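Per-entry structural report
Residues per chain are reported as follows:
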Amino acid sequence: MKKKRILCVPLDPVHDVGIKIIRNALAERGFDTELLSPDLPLEDVVQRAAQGSYDEILVSRTLGYGVAELLGRFVDLLDAAGVRSRSRVTLGGKAITAELAAELGFDRGFDEHARIEDVVAYLEGLPASSGASAVVKPKPDITAGYSYRVHDARIAAALDEIVDKLLRWTEGKSTPGTRRAQLRAGIFEERDPSRRAALLDRYLAISDPVIADAFRNGLMPKGVRVVSGEELSRLKEMLAGRHQHRPVSLRHAGDRPLFFKFLGSGCPVMDIMHAKVCERWGVDGFLLINPSWEARYEGLLEGTLTHQNDGTVTSGENIRLVRELLEPSTLLTVRAHRGLNTPETVLLAGHAGADMTKIDLVYGSLGAGTDPARLAVDGVEAIRLAAQFTMPFDIPGNDELSGVPAWKTLAGLLINVHLGTRLGARAILKPLFCYGPHIVINRLMEQTFVDYNAAKILALRSIVDCPIWPGEPIAFMTQTEDRVQSATASSFHAALGTALKVDAMTIASTDEAYSRGPICMASRIDSLQGLHESARFMGTASVAPTAAVDAMTADMQRKIADVLDRVRMAPDLPTAIAEGVLGDREDGAYPGTFGKGTVA
């Protein structure tokens, strides 16, 4: 085919970078291109265009005062010289729109976000892309490629003994939570209406009266209502056929780390709308957070439900709706790590198509959490269910925010990982990047926020071959209510995580980080824009700890081993938690009480 001849015209006093980039890209694709000097008089440009046999004339110009009149005059001169009858004329630059280009007499207009592929498609007569196309990405697997082998022999022996004791202790025990999960599974599988009704009666007999009232009488807990069919149909109608417009990548190179955000506005419809915007801004996955009152009630509601306070109600229908309307490649994890419904939550998440769940037998048993004995039985059953549904589970280390030293928190994470491996489930370590109370009191980050956070990652890597996902979220307690500062703090911590080659990170919205009211979409975008700029600025460069990190890492690994040795000396894990081995009252931690006395 005959090569198209293209004249590239920078009608600008100084700004010719864009047209040079386009000219080079077109030349690489085989086009016969010619580039004029910038800021030539219009008459000189028209004379050159009239003398040459150009198929296309590409004009670049930054808009400003009087520029529209200049561009309109240029088109008139081309027309008078007979150029328009044989050459198409295209305009591109900042603030240019297709509508403005057409109004000025150009055949096509491209703005500053146009891709070279769009320009080439236009020049070759192919359908021009609007930039709004479906983003097709493979669904990532955070746990792929990890062996879960424990490298440290002393720690491996301690973890084996701790897990052996825990499994012996839980054998033959049940709770209302494990029994309800079994009944729910039966309800899912049973097709006979009378038998399903009998199973539901047994389920409600061991549920809180508030939950039973909702099932039997339609009386929802305060602040909860059913989302109407009309609301759902309008939501789906609005999203139908819509795709991400100019999607952003939060990574400048490679496919790690993945970035996650929280959902849990109380309303699944609002969650979905926030999620769709965040997907466009490069978010790879979401954590669906439940209301705090669910931790206190035995039993879970059903139906597509909205709630006027924070935390989205855990129901199979809510999870399924969110999963259905996210992009197929987006990961969804459902929180199940504390409260009286851990096994059932994992069951619902698995049935509804969630990709991951969240379980931590230690942190979930501390503070305003679940009785250690209750969560031991529930947690083991939940991890078995996670394995059944091939759902990895992450292990939040947020007990550090109460004042628990990092080595105690990390020891607890490792127990969960080893238990998961024994039960056939794949776990994900979740150390915190934070400025927690123990760090502040002991001045562990006086010189830099880099070293101590890095030491946690390096210590864990030296112990076990397992994915690492700092959360929940990164930069906790380093943000303020100033949105610029909050986004900046998150972006710095994300740069550190990227340099340490972690697998994923959780990012808080700028208002969410300070907890001063409802989460708004603008605040979500603030934090993501900070990440985007940080990733571009750092590129493939690295954030390096100082020499002090080596001593911190060695000290962290030794102290983790010491804690695990103390846990292995206890009769079982619930006793070790109750005795404060993994966080005591001096640390600001104490055994949880929800479900105390319910283990049978």
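Coordinates for the structure precede this section.
So, here is what we can say about the structure in this document.

This next bit is on the overall build of the protein chain. If you tally the helices and strands in the protein chain, you get 21 helices and 14 strands. The C-alpha extent of the protein chain, read off along each of the three principal axes, is 95 × 65 × 45 Å. Residue burial in the protein chain is summarised as follows: out of 600 residues, 55% are buried. Long-range pairs, those at least 24 residues apart, make up 77% of the contacts in the protein chain with a sequence separation of at least 6. Summing over all exposed atoms, the protein chain offers an accessible surface of approximately 25500 Å²; the carbon and sulfur share of this is 53%. Considering the protein chain, the positive charge centre built from 68 side chains and the negative charge centre built from 76 side chains are found 2 Å apart.

On to helix H17 (residues 450-463), then. In this model H17 runs 20 Å from its N-terminal to its C-terminal C-alpha over 14 residues, within 8% of the 20 Å that 1.5 Å per residue would give. Within H17, 11 of the 14 residues are buried, leaving the element largely enclosed by the surrounding structure. All of the buried residues along H17 are Val450, Asp451, Tyr452, Asn453, Ala454, Ala455, Lys456, Ile457, Ala459, Leu460 and Ile463. Where H17 is buried, its residues contact helix H6 (153-170), helix H15 (406-422), strand S13 (427-430), helix H16 (437-441), helix H18 (483-499) and helix H20 (548-569).

This part takes up the packing of aromatic side chains. Under the definition given, this model contains 5 aromatic pairs. Residues Phe110 and Tyr122 carry aromatic rings whose centres are separated by 5.9 Å and whose planes lie at 70° to one another, so their mutual orientation is edge-to-face. Of the two residues, Phe110 is situated in strand S5 (residues 108-110) and Tyr122 in helix H5 (residues 116-123); the sequence distance between them amounts to 12 residues. Taken as a pair, Phe110 and Tyr122 share a single burial class, namely buried. Directly above the aromatic system of Phe110 lies the positively charged group of Arg108, at a separation of 4.3 Å from the ring centroid.

Time to look at the layout of surface pockets. By volume, the second largest pocket is sized at about 590 Å³. For the second largest pocket, the lining is made up of 25 residues, of which Gly18, Ile19, Ile22, Gly92 and Gly93 are closest to its centre. Of all the elements in the fold, those that place two or more residues in the lining of the second largest pocket are helix H1 (17-28), strand S3 (56-60), strand S4 (88-92) and H5. With 6 residues, H1 is the single largest residue contributor to the lining of the second largest pocket. Of the residues contributing to the lining of the second largest pocket, the split by class is 12 nonpolar, 7 polar and 6 charged.

Turning our attention to the pattern of salt bridges. Taken as a whole and judged by the stated rule, the model has 44 salt bridges. With its nearest N and O atoms 2.5 Å apart, the salt bridge here joins Lys358 to Glu472. With Lys358 in strand S11 (residues 356-358) and Glu472 in the loop between H17 and H18, this pair connects stretches of sequence that are 114 residues apart. For the residue pair Lys358 and Glu472, the accessibility class agrees, reading buried in each case. Residues Lys596 and Asp371 are paired through a salt bridge, measuring 3.9 Å at the closest nitrogen-oxygen approach. Here Lys596, found in the segment after helix H21 (573-578), pairs with Asp371, found in the loop between S11 and helix H14 (372-388); they are 225 residues apart in sequence, far enough to count as distant.

All right, on to empty space enclosed by the protein then. Considering all chains together, one arrives at 2 cavities of 30 Å³ or more under this definition. Computed from the structure, the largest cavity encloses a volume of approximately 70 Å³. Every residue lining the largest cavity is counted, 13 residues in all, and those nearest its centre are Asn290, Glu294, Arg338, Asn341 and Thr345. Taken together, the residues that form the lining of the largest cavity break down as 4 nonpolar, 6 polar and 3 charged. Of the pockets and cavities examined, the second largest cavity occupies roughly 40 Å³. Tyr148, Val150, Leu159, Leu414, Val417, His418, Thr421 and Val464 together form the lining of the second largest cavity. For the lining of the second largest cavity, the element with the most residues is H15, which contributes 4 residues. Taken together, the residues of the lining of the second largest cavity sort by class into 6 nonpolar, 2 polar and no charged.

Conventions adopted
- In every chain, residue numbers begin from 1 and rise along the written sequence.
- Local features in a predicted model are, by the rule used here, given only for residues with pLDDT of at least 70; side-chain atom pairs are given and counted only at 80 or more, and totals for whole chains, interfaces and linings are based on all residues.
- Side-chain calculation: all heavy atoms of the structure are included, whereas hydrogens and water are not.
- Under the DSSP-based scheme used, a helix requires at least four consecutive residues in state H or I and a strand at least two consecutive residues in state E, with every element numbered from the N terminus.
- For every residue, the accessible area obtained with a 1.4 Å probe (protein chains only) is divided by the maximum for its type, and the residue is called buried under 20%, exposed over 50%, and partly exposed between those limits.
- Here, residues are in contact when the closest pair of their heavy atoms is within 4.5 Å.
- A 1.4 Å probe and the Shrake-Rupley method give the accessible areas. Residues count as covered only by the protein chains that appear here.
- His is not counted here, nor are the chain ends, while Lys and Arg score as positive and Asp and Glu score as negative.
- In plain terms, the charge of a residue is placed at NZ if it is Lys, CZ if Arg, CG if Asp and CD if Glu.
- One less than the number of residues in a helix, times 1.5 Å, gives the span that helix is expected to have.
- To pair, rings of Phe, Tyr and Trp, with the six-membered ring standing in for Trp, must have centres within 6.5 Å; the planes then decide the type, stacked if under 30 degrees apart, edge-to-face if over 60, and tilted in the middle.
- Ring-over charges, as used throughout, are those where CZ of Arg or NZ of Lys falls within 6 Å of the ring centre and within 35 degrees of the ring normal.
- Computed over the protein atoms alone on a 1 Å grid, cavities are sets of points where a 1.4 Å probe fits but cannot get out and pockets are open sets with protein on both sides within 12 Å along at least five of seven lines; a residue lines them when it has an atom within 4 Å of a point.
- Grid points are joined across faces, edges and corners, and a volume is the space filled by probe spheres set on the points.
- Only Asp, Glu, Lys and Arg are considered charged, only Ala, Val, Leu, Ile, Met, Phe, Trp, Tyr, Cys and Pro nonpolar, and every remaining residue, Gly among them, polar.
- Counted as salt bridges are all cases of a side-chain nitrogen of Lys or Arg within 4 Å of a carboxyl oxygen of Asp or Glu.

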